[in-house]
Structure formats: C-alpha cells, structure tokens
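Listed below, chain by chain, are the residues.
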Amino acid sequence: MRYFVTFIFLFVFCCFAQAGDKTLQEYAAAINKVNTLKSTFKEEKHLSLLSQPIESEGFLLFDKKAQKLLWQYQNPFDNGFLIETDLIYRIKNGQKQQVQNAAGKIMAAQMLIWLTLDFDSLKQNYAITLKQNEIVFIPLKPHKVIKQITVYPDENNPQIIKQVKMLQPGGDFILWSFTGTQINPEIKKEVFE
Amino acid sequence: MNFIRKHAKLIFLFAAAIICGGLFFYLPVQENILALIPQNIKTEVELFQQSPLSKKLIVITEGQTLAQAAAAAQQVKEKLLESGYIKTLNLPEENIISLMLNALPERFSQQDNNLAQAKLSAENLSKQFDIYKQELFSFESMFAAQKIAADPFGLSQILFDKWAVLGKSTQTQYKDGFISDKSGTVLAALYDLKQDTSDLAFAKQIQTFFDNLRPKLPKCSRVFFMGGLRYTLENVSVIKKNLFIVSIAAFMLLGAIFLFFFRTKRALLIYLLPFIVIMPAAFITQIIFGGISGITLAFGSVVAGLSVDYAVYVYFALAAKNKDKQQALKQISKHLWLNFLTSALCFSALIFSSVEVFKQIAVFALTALSLALFAALKIFPQYFNCSKTQKQSDGIKIKNLPFKAAFTFLFILLAFGIWGIYGTVLSKGLDSLNSASAAFARDKQIAEKLFSSDKSALLFALGKTQDEALLNNEVLSQILPEPLAASTIFVSGKTKSENLSRWAEFWNKEQISSAKELLEEQAIKTGFNPAAFDGFFTWLNDTLESKNKANSADFSAFYNPLISLSNGSYAVINIVPDTEFYQRAAQDGKGIFISSNYLQKQLTANVKKEALLVVFLAVLFNFIAVLFMFKSLKKSLFCFLPVICGACLLFALLAFFRIEINLFGLIFLPLLVGLGIDYAIFQLMKYHSAGQNTQALYPQQALLAAGLSTLAGFGVLVLAGHNVLFIMGLCALLGIGGSIFAAVFILPAFLERYL
C-alpha cells in the first residue's frame, strides 16, 4: 500500500513539474505555483498474470491547500480512493471507508515529502534523473513493487504530463495516460466529500 | 570526650539508625501485588496479571465525530512511534499472504481440510476469479496481482479467518483500526511499551508526552492514557497532595501533646525514638525478604506510635515525685515487658498468614518494638531521671465513670458493634488499594465501557513445558462447543505433526493434478495467464517435500498467548465468555478459569479468611499471655474490654457511614488487639498499685499521652485522600480512639466492681 501512495504523490508532483533543462530546485519553485489540479486518465496494466493488458479510466482532483486527492475510476468499475491529509479512504459504490495501513507513519512522511517536493528527502530514497522528455525515479534500495518510475511531460506545456510508467521488478508495468489536465482550476470542497 | 562517653549508647543507637537508613535506601523497595495476596489464590492473580491488557499502554481518543476521533488516534499513534516509547509492530505487510500460506500446513486441521476441499471446487474458483478481476481494476491492483499469483485458491483466507476469530474473542468493536465504542467517537489503541509499566520516571515521561501532544491534536478531540502507568501516576500524585496536609496536622497535634504533657527538652527524645527504631527494622526486613513493600513501610507509622508508648511510660514513671528512680524503673520494666509481649504476640500472629506483606510487617514490627523496648529501658532512663520533668500535666485527674454509666456505654457499644460487623462491607477487588482523582475516575469509566471485563474471562491451560501447555490447551479446546481460537493458531508439536500429515494426504498427486487443470481452465476463461500460477505449485511441492521449514511462520512476534510463570511452568491464555459453562469446562479440562468477578469473590473470601485467622491467633496468644501473667481469668478477660470496645466503635461507624473496608483495614485488626490490651494492662497495673507506693508510676496522663501520640501520628492519615492511607487513618482514629475511651472511662468502673 505504501508504495502505491508513494507513487500517487510522485505522480502528483510530476503533474506540477516542468520539463526541459531545469534543475530540481526549479521544479520545487514551480510546484509552489500550482494549488489545484484536474485531469482524466487511462490506466493500462501490463501484468504477467493476465493474458492481455487491461484498461480502466477515470479522473483525479487535487487540492494542495486542503491536502486532498481524489482518484476516481469510472470504467469498467466505479471505485477509487481519497486522501485527506494523512488519512486514506477507499471509495466503493459511493461509500468511503478508511484504509488502515500498518506503515501509516511512513505514508504520512512520504506525503509531506511529495507534497512539498522535498528533494532532499526524495534523494534519500530515489535516484532522480532529468532528461529532455522524461524524469526517471529509481529506488535506491530494491523495492518489491517499484523498480522504476518514468514521467513523460508534455513538450508543449511543461506544467502538464502526458504519461507515467511504473515498472515493477518482475517486468510488469502500469501506464497512466493523462488528458484534459487543468492547472489551478476552481475545485469545490464538496467534490471531496 | 566526656560527652561521647556519657552518651555512648545513644550515639551508638543513632549511628546504627543512620547506617541502616543509608543501607536501606541502597536496597530496593519492591511493590508487587502478589505480596498482598493470600497464597491459595496467588496463581490465579499471577495469571490474571498476564491478561492481554495488563502490560499495555491504553490510549483513548475522543472526538465529536468518528473522523475527529480517528484523526486524533492516528496522530497519537504516529507520534508515539516517532518518540520510541512504544514497540513497533512489524507486520510483514507485503509478505502477509506468503506468511499465512507458509503457516497453513502446520495448522491444517480436519476442518481446514474440508474448507480447502470446498475452495478447490469449480464453482468456488469461478467466484474467486470474479473477485480477482475486480481487484485488478482497483487502486490496490499492484498488491492484488501478487496475492492472486501466490494464492489463486485463496487458501490463506483459512488462516486469516482463524485470526479473525481470535480477535473476535475479545468482544470488542473495531472502527478504522481502533477499538471503538458503539458511536465510534471514542477509540482506543493498545501499545506495547518498551519499558516496565510500573516505573514512575517513565510514567512521568509519558504524561509529559501527552501533555505536549494535546494542543497539537485536531480540534474537538481529547486524548488520555490508561494502564499501569496511569495508576502509578495517580497514586503518587494523590499521596503527594495529601502528604503535606497530613504531615502538618501530625506535627501540630504532636506539638500540642508535647506542650500539654511534657514541655521539657529531654522529653523530645520520646519523639526521636521512632527514627531510631524504624530504619534498622526496615533494613533487617529487607535483608530477610530480599526487599520491602511500601505497605510495610507505611505500617512503620503504627510501629512508631507503639514505640513511643514505651518511652512515655518510662518518662512518667521516672518523673513521679518522691520515688526511688531505680525502683520505679524496675517496676515499670515489668509492665513494659508485658506490653511488649502482647504487642509482639499480635504481630507474631501475622507470621501465620500466607500473605507475604503480613509476614514482612511482623518482622518489621518485632524488630522495631524490640529496639524501642531496649532504648526505653536501657538508654533513655538516664535522660528522664529528673524530678523536674513533670510539669503542666500534673494536675490531670480523670474521674472514673459510675458502674451503671460504664455498663450502659458498654452495652450500647456492643449492640452497635454487632450491628456494624454484619453491616460492614469489604471492598472487592484490588481497585480499593488504588486512589484516584475525579478526572481519573471519569477516564476509567470511559475505558471500562470499551474493555468490558464483565463479559469476558481468561481461560488458562498450564504445562511444565511450552509444548505441554499448548497440548493441554488443545485438550481443553476439544471439550468446548467452539474451539479456542489460540489453539487453532498456536499448535503443539504433536498436532503440528498430525496437521502436516493431513496436508500431505490432502495434496496427493491426483488432487494437485485436478487443481492444476481446474485453475488452467478458469484462468483461460477469465483472461488470466495460466503460467502465472506456476509459483503456487512450486511452493506447494516445497511444503510437501518439507522444503519450507525455514519459512515456517512464527506469529509470536505480534501476538503470543504463551506466557512463562514465576514457578518455571507455562500457560496459554484464552479469552472466553464469562459464563459458568466455561468455568466448569476449565475444571473438567484441568484449566484455570479467571474472570474479574470470580477473582473478586475469591479475593474477598480469602482475605476475610486470612484476617479472621490472624485476629483469632492474636487474641489467643494474648489471652494465654495475660492469663499467664495475671493468673486470673477475670483479669484476663478484662484486658480485652478496650479491644472489644474499639472494634465495636470501628465497625459500627464504618457500617453507619457505609465506608467499605479494604485489605489494609483488616491488617489493622491485630494491631488494635495489641494496643487495646496494652491500655488495659496499664489500667490493671494501676488498679493493683492503688494504695501502694507504686501507684504514682501509672498517672492517667501517661496513658493519655501514649494513646494520643499514637492517634496523632497515625490517625491524621484520615485526612488523606488516598484509599489506603485514609482507611489506615480511619481505623486508627476509631479503633484506637474507642480503645482509649474504654480503657480510661469504662474499664476502671468494671475493675472496681468485679475485682
């Protein structure tokens, strides 16, 4: 679970990030200007467990000030999750239920790191490489779930990312493609309820 | 040099007291509840102390809503983990499926055999794969994929269900991972502390931690902690609060007695006597028992009161005018030896008790009284040997009551006392030995709603070895309608071996082949890759060829029902409903059933029995002693008159004001016997000396000064809010007060009439 949350915040950070020849500090400065985020996504799972990749779709909402993130699947199943500060809820059939995580402390710490783009802390766990069209995060210690995370920003609008690919140790990977991303749109509080 | 030679004995005594005091502080003061428990229920109490809650830090958070309470509870948990005060529970989160699967073969019972068979049916597997598909589309898919590949048939669920039954046996509700009340606005979490819960310094650290944390918690939420640490803090806090008041009151009263009866510098020695005798007595008790209880030390104030009496009697005897001092000392010595004998016999009776603290008190008191007698007869006389000593109190004359009035008083006291004995209630349980503030009482009430001990009990299976305890637990489990959850997860070597054979038999070649076929068919039908499940069959083969021994699961890191007892044996703890059925089953299965209610009943009954034994022996020993001394049945019976009156007044007023007496009140009873008899002996000696030249040795003010000093030193504890101190003070005030009253006013009338 904590790897998943780590990834989610990594993704959120990446949405705020700008590509190009910028330094990590410049990314951190840019993220401060992004307060809210809206996007739709397509999720492709390439798993050795399955004969064919499977696809799902949904949307996400993020409010930095309220420290809330809603990740909602709409197709083929209606489910998702909500993060409120340091609490995580599973959403199923419109009902939310708190997710208990034994590594709650680590998750809370991770959240703070990613939300504030604390590169000093990130560098303790990941080797971060900036290239022309991608940002690569590789865990410094072997992970059971994450081998590498690659973020592909939009060439035309560096505040928006097109894709995120999470590679797992066994070769499985998940690919998220984002469309219709809005930076700093107005998000009503009620949507997180 | 002359000064040293002149006061050598006194200096030696002071030096000995100081050395013993130093050694005493070097040695540990031990406080173990088992030392307060009668022998025949010690095992039960020791086992009860091992209750799953007993050594935990219980953190309770309240909020106006579940979300507020949950947020606060989560925050507290994180801060506690950060602080390092609690042990981290290392749940193997990512490998939990592997852990459960590896644990299954050794726990594969006949019932599990049937469950596994059902899981291997085509219908069940089809349902299972529908669930898998949904999981793969959820946000938790990355974990689901690993789980599905490792355990396609969902066999690990068999063990998860066993754990669920174990959790359910505690009869608590869970919300958001915390133990919850019905509304969900009060949540509790149990944590294992890194340090001993009885440590005061650590308790203070935890309190500071919570004090600092409170302002940082979400609004409308509140947090507090319970458990052994909170009790330690409460007791110390209440004792500290009362100590000042009690000390001031005792000082003022003793000062008043001194001013009224003595008013000489030399008489100050009388009040130094307790310091001289208590330290060596405490040190010797520590040496004999390898430690000393705080209760024994608290009892020191009683012994202090008694020791003062000897010096008071010597002081007044030597202060008598126109009296040969050597003759007076010789005469009073006989009286003091008799006093010592009666008190010593009372305390000796405590040695026959099975309660260790009673034995400690006996040794402590006998040592202190011996020293006090020695000091009063051998050291102090040279300081009291001055006819100018007696001043203000010379003129005290107390008229004896007429016989009719004395008889009426006695009759009323007896009637009232008999009613009181039947009406006095003995505090149940050990709670009465603790004291609490209003805030603590409120918090405790909230905690008790969450952990209702009225509904559940503990069932123990014992064994000389761990394996024997586990085996006996399984035997016990078999005679119950529902198996004990712990017996299904923590299994004996014999059962382990049987389960492994069952597992091997279940997964025969035919079964494996059929399972493979079924899985392949289902995988293809639902879009899964059949090759992804090869790992499961590799693992299965390893279990059958005993290759996974190294991976054999050990759950004791996060729950261990197996405990070791002080006698070297072991016990398995089970939480069961508090019903007579389980109580009977425990007897049939050679287990031990303990519930809060059962233990309270046992404790009350046993403490009563112990108290009766001790009082009976104290009365018997003293009766023989006074009969031997006075050689008169009538006089011997009169010696008990103040005792009876004191006891009657005590029980009557306890019953009238509905004050529950606790264990410490009962400890007081043999002391009351000793003190009451002392006062009676004084009056008898005085009566005998009437008209003789020895009468001056027994001035009424000597009895009053001795009795009032005891009351002042001991009775002021009634001002304390602490349960133990209060009940000791109350018993002193009523019991000793009643004895003094009877000795001064009632007894003389009877002596005049019947002797």
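So, how was this worked out
- Residues numbered from 1 in each chain as written.
- Chains lettered and ligands numbered in written order.
- Predicted model: local features only at pLDDT ≥ 70, side-chain atom pairs only at ≥ 80, totals over all residues.
- Pairing = 2+ DSSP bridges.
- Helix = DSSP H or I, 4+ residues; strand = E, 2+ residues; numbered from the N terminus.
- Axes fitted to C-alpha atoms, helices over the stretch in contact; angles between N-to-C directions.
- Contact = placed C-beta atoms within 7 Å.
- Buried ≥ 20, exposed ≤ 12 C-beta atoms within 10 Å, placed from the backbone.
- Expected span 1.5 Å × (residues − 1).
- Parallel < 35°, antiparallel > 145°, perpendicular 65-115°, else oblique.
- Left-handed = near helix turned anticlockwise from the far one by under 90°.
- Nonpolar A, V, L, I, M, F, W, Y, C, P; charged D, E, K, R; others polar.

A. Examining the sheet that holds strand S6 (residues 456–463) of chain B more closely. All names here are of chain B. With antiparallel pairing, the four strands of this open sheet are ordered in space as S7-S8-S6-S9. Both edges of this open sheet fall to strand S7 (562–564) and strand S9 (592–595), since each of them pairs with a single strand only. Direction aside, the axes of adjacent strands within the sheet are offset by 35° on average. Of the pairings in the sheet, the one linking S6 to strand S8 (residues 570–577) comprises eight bridges and is antiparallel in character. Opposite Ala461, over in S8, you have Val572 as the bridge partner. Packed on one face of the sheet, helix H25 (residues 580–588) meets S6, S8 and S9 and runs near 150° to S9.

B. Representation of the sheet that holds strand S2 (residues 54–63) of chain A within the structure. Residues and elements named next belong to chain A. Within the open sheet, the 11 strands sit side by side as S6-S5-S4-S3-S2-S1-S11-S10-S9-S8-S7. Their pairing is antiparallel. The open sheet has two free edges, formed respectively by strand S6 (95–98) and strand S7 (126–130), since each of these has just one partner strand. In this sheet, neighbouring strand axes are inclined to one another by 20° on average, regardless of whether the strands run parallel or antiparallel. Here strand S9 (residues 148–153) runs beside strand S10 (residues 161–167); their pairing, made up of six bridges, is antiparallel. The partner of Tyr152 across the bridge, within S10, is Gln163.

C. Main features of the environment of Lys162 of chain A. All names here are of chain A. Counting through the fold element by element, Lys162 comes out in strand S10. Since 17 C-beta atoms lie within 10 Å of it, Lys162 is described here as partly exposed. The spatial distance from the C-alpha of Lys162 to the C-alpha of Phe41 is 9.5 Å, given a sequence separation of 121 residues. When residues no more than four places from it in sequence are discounted, the contact partners of Lys162 are Tyr152, Pro153, Asp154, Ser177 and Phe178.

D. Focus on the pairing of S6 of chain A. Residues and elements named next belong to chain A. Bridging between strand S5 (residues 87–92) and S6 involves four bridges; their strand directions are antiparallel. Opposite Ile91, over in S6, you have Lys96 as the bridge partner. The turn linking S5 back onto S6 is made up of two residues, and Asn93 within it adopts a positive phi angle of 50°.

E. Region of the structure containing helix H20 (residues 466–478) of chain B. For H20 of chain B, with 13 residues, the first-to-last C-alpha span of 19 Å sits near the 18 Å given by 1.5 Å per residue. Looking at the buried positions of H20 of chain B, the neighbouring elements they touch are S6, helix H21 (485–489), helix H22 (493–506), S7 and S8 of chain B.

F. Here's a closer look at the packing of helix H7 (residues 122–136) of chain B against helix H23 (residues 509–526) of chain B. Residues and elements named next belong to chain B. Where H7 meets H23, the closest approach of the two axes is 10 Å, and the angle between their N-to-C directions is 40°. For the element pair H7 / H23, the angle class is oblique. Viewed along their axes, H7 and H23 form a crossing whose handedness is right-handed. In this structure, H7 uses Ala122, Leu125, Ser126, Phe129 and Lys133 to contact H23, whose residues at the interface are Leu518, Gln522 and Thr526. For the contact of H7 with H23, a count of residues per class yields four nonpolar, three polar and one charged.

G. Geometry of unusual backbone geometry. With an omega of 5°, the peptide bond running from Asn75 of chain A to Pro76 of chain A counts as cis. Structurally, the position occupied by Pro76 of chain A is in the loop between strand S3 (68–75) and strand S4 (79–84). Despite not being glycine, Asn184 of chain A shows a phi value in the positive range, around 55°. Locating Asn184 of chain A in the fold gives a position in the segment after strand S11 (173–183). Phi at Lys631 of chain B is positive, roughly 50°, even though this residue is not glycine.

H. How the structure looks around the packing of helix H18 (residues 403–423) of chain B against helix H31 (residues 723–754) of chain B. Residues and elements named next belong to chain B. Look at H18 against H31: their axes get within 9 Å of each other, and the N-to-C directions meet at 125°. Classed by the angle they form, the pair H18 and H31 counts as oblique. Handedness of the H18/H31 crossing: left-handed. Of the residues in H31, those in contact with Phe403, Ala406, Phe409 and Leu410 of H18 are Phe745, Ile746, Ala749, Phe750 and Arg753. The residue makeup of the contact of H18 with H31, split by class, is eight nonpolar, no polar and one charged.

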